Every structure is written in C-alpha cells, then in structure tokens.
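Reading the structure
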Amino acid sequence: MPKQITHQLQWEKVLPFLSVPGEDTPLDLGDGGFTDARKSRFFPIHEGVPQFMEAPLDEGVMQHFNETAKKFGKAPKSVEVVAPIATMLRKELYRITDSKDAVKTLVDVGCGHGQFSAPLASKHTVFGVDVSQEMLKLTSGTGIYPLLADGMQLPLRSRSIDCAYSIEVVQLFEDPGPILSEMTRILKPGGSLVISTLHRYSLLRRINRMIKRQGVNEGTRLRRPSDLLAMVEGLPLELVNVSWLLGPTTFAVSTSGPTWFLSPLASNILLHLRRKA
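To start, this report covers the structure provided alongside it. (Residues numbered from 1 in each chain as written. Predicted model: local features only at pLDDT ≥ 70, side-chain atom pairs only at ≥ 80, totals over all residues. Heavy atoms only, no water.)

What to know about helix H6 (residues 177-185)
Since the α-helix advances by 3.6 residues per turn, residues separated by three or four positions end up pointing in the same direction. Those residues of H6 that fall on the buried side of the exposure criterion are Gly177, Ile179, Leu180, Glu182, Met183 and Thr184. Packing partners of the buried residues in H6 comprise strand S5 (105-109), strand S8 (161-167), strand S9 (187-198), helix H8 (225-231), strand S10 (237-245) and strand S12 (268-275). (Buried < 20%, exposed > 50% of the residue type's maximum accessible area, 1.4 Å probe, protein only. Helix = DSSP H or I, 4+ residues; strand = E, 2+ residues; numbered from the N terminus. Contact = heavy atoms within 4.5 Å.)

Given below as structure tokens:
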C-alpha cells in the first residue's frame, strides 16, 4: 500500500481542474481563495479547505457529520481501516484505479476523513469532496485536495477527471441520481465511475435486524445493482462489472451483469461504470 504523504498542497497545479460550482467556468487563485474570471464571486480557503458550498445544509446534518469527525482524532491514525468490509472496499477501489496507467486524477465524493483516498494520494491527484468542514480538516497531511462542496454542484470542470467514486455514501440519500449525474459530468470519456453501497437483499443484514436489531441505521436506503443502474439511465455510462462483497469475510465475486444467483451472500455491492465517448 502506498505510504502517506505530508507535503503542502499546491493549489496552482490543480487550478485547471477547478470551476465555479454549477457554471463549469474557470477559477483564478488569489490571496486567501479563488475567484471567478469576472472577480464577482470569491471562494475563501478556510483552515486549509476551499469553501465552495455557498448554501449550508440542514444544521442537524452538519452537526452529525462534524460530531462524527471528532471521534476519529488525528488524520494519520484515522485513515487506517481494519474492518473486513472496509478492507474489501479498498481492495476493489485500488484494483480499478491501478488497472490503467491513464488514471491520474481522482475524485472522492463523500470522502469523510480520507480513509479510502489517503493511500492513493501518493501517486494520483486526489480531490476529496465533503459537506463537513471538520471531516475535511482531518485530511490535512494526506495529500488529498479537500473541497467543501455539495455533491450536486461539484467545483470541477466537465470531462476533466479519470475516476470519480463514492464509497458507502449513496445510501444516505433518498435520490442520489443528481449526484451520480454530476459525477458523470466531470468524467473524461473512458473515465470510471465507482459506487458502493449496502446490498438490499443481504442475508447477513436481515439476520442482524431480526436477531440483534441492528445492521442498518435509521434513514439508510438499501439497494440492488439494478436500482443504481436505473438512477443513471440516460447518462453516457456503460456497466463494466459488479463486485459482490461477501462481508464479514474479505472475499468478493465479480459479475459482468447486475445479477448473481448467490447475491444474498453479499453484504455490500460495488458498481464500476465507464463513461462513453
């Protein structure tokens, strides 16, 4: 696994990838932040994190994520994930990002404290998008370029990114379609979209709910691969494969289609899609 890096971020080098949220127009780097070409909008850098989310989310949501961030402590310790499911997710994600030499720029939507992206930042340019300032502060020193932004209005240029991924985030949204559409927008032709979430028909999760009354938090949506594919219907995407993660083990099975006859054994699913030209 790549070692973590601790060098200072060089925002001028990644400026060509950044844009005004919702406008797809270039930005300039000035004192203390970014401005649009007309100098009419200013996006400050606060505590090392560019502030691109102009409309704040619900206070309760923000408090939840900020309080969660406090539980992780300092970033170098927090990026070590030992749970079997996290190990599998990392393995599948790194397999995709390492499969092509052309993969150089990555975007982690809902990056949290950088648990999946920090190891990738030593050999890729990695942007971490999140709605929690406290979470993004924990990425300091990992090499991730943090962006406080709404996933439905990413501050990134169209067709500029090699791989966009969101790990265990879409289950938090009733309709993640707009986020998936925005992630597709920023991908280069041939770029990869990677989405993982909780499996709707997981036998393990059913048992946990029946016996232990646990396994899924309130408000969490469980989905099938076909559910996610329906959300991206009409977008210029094609399915590469589906990985069925057999939690709590560290094994996964890959299929070329959205079904598998032993799918109830999978606690989580990971879809790899490719943007068409």
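Alright, that's what it looks like, and here's the rest.
Topic: the sheet that holds strand S1 (residues 27-30)
One open sheet holds the 4 strands; their spatial order is S1-S2-S3-S4, and the pairing between them is antiparallel. Two strands lie at the open edges of the sheet, namely S1 and strand S4 (49-50), each paired on one side alone. In terms of strand pairing, strand S3 (residues 42-46) meets S4 through 2 bridges, oriented antiparallel. Residue pairing in the sheet places His46 in a bridge with Val49 of S4. (Pairing = 2+ DSSP bridges.)

Some words on the nonpolar core
Grouped together as the largest cluster of nonpolar side chains are 40 residues, with contacts concentrated most on Val107, Phe127, Leu156 and Met183. Leave out the neighbours within four places in its chain, and Met183 touches Val109, Leu154, Ala164, Tyr165, Ser166, Leu193 and Ile195. Counting residues in hydrophobic clusters, the runner-up holds 20 residues, among them Leu89, Leu120, Val126 and Leu245. (Core = buried A, V, L, I, M, F, W, Y, C linked by side-chain atoms within 4.5 Å.)

Quick notes on the pairing of strand S11 (residues 252-255)
One ladder, built from 4 bridges, connects S10 with S11; its direction is antiparallel. Counterpart to Trp244 in the pairing with S11 is Val253. Here S10 folds back onto S11 in antiparallel fashion, the turn holding 6 residues.

A word on the packing of aromatic side chains
Considering all chains together, one arrives at 8 aromatic pairs under this definition. The interplanar angle of 80 degrees and the centroid separation of 5.0 Å between the aromatic rings of Trp11 and Tyr145 together place this pair among those described as edge-to-face. Highlighted residues: Trp11 in helix H1 (residues 11-14) and Tyr145 in strand S7 (residues 145-148), separated in sequence by 134 residues. The burial state of Trp11 is the same as that of Tyr145; both residues are buried. Centre to centre, the rings of Phe127 and Tyr145 are 5.8 Å apart; their planes meet at 45 degrees, and the pair counts as tilted. Residue Phe127 is located in strand S6 (residues 125-130), and its partner Tyr145 is located in strand S7; the two are separated by 18 residues in the primary sequence. Using a relative accessible area of 8% as the deciding quantity, one classes Tyr145 as buried. (Phe/Tyr/Trp six-rings, centres within 6.5 Å; stacked < 30°, edge-to-face > 60°.)

Re helix H4 (residues 84-97)
In this model H4 runs 20 Å from its N-terminal to its C-terminal C-alpha over 14 residues, within 8% of the 20 Å that 1.5 Å per residue would give. Considered for burial, the residues of H4 that qualify are Ala86, Met88, Leu89, Arg90, Glu92, Leu93, Tyr94, Ile96 and Thr97. (Expected span 1.5 Å × (residues − 1).)

Here's the deal with the pattern of salt bridges
Considering all chains together, one arrives at 14 salt bridges under this definition. The shortest N-O distance in the salt bridge between Asp28 and Lys39 comes to 3.4 Å. Here the residue Asp28 occupies a position in strand S1, and Lys39 occupies one in the loop between strand S2 (33-36) and S3, the gap between them amounting to 11 residues. Overall, Asp28 belongs to the partly exposed group, its relative accessible area being 32%. Between Glu92 and Arg95 there is a salt bridge whose closest N-O contact spans 2.9 Å. Of this pair, Glu92 and Arg95 are both found in helix H4, 3 residues apart, which corresponds to roughly one turn of the helix. On the basis of relative accessibility, which here comes to 9%, the residue Glu92 falls in the buried class. Since its relative accessible area comes to 38%, Arg95 is described here as partly exposed. (Salt bridge = Lys/Arg side-chain N within 4 Å of Asp/Glu carboxyl O.)

Any link to function would need more than the numbers given here.
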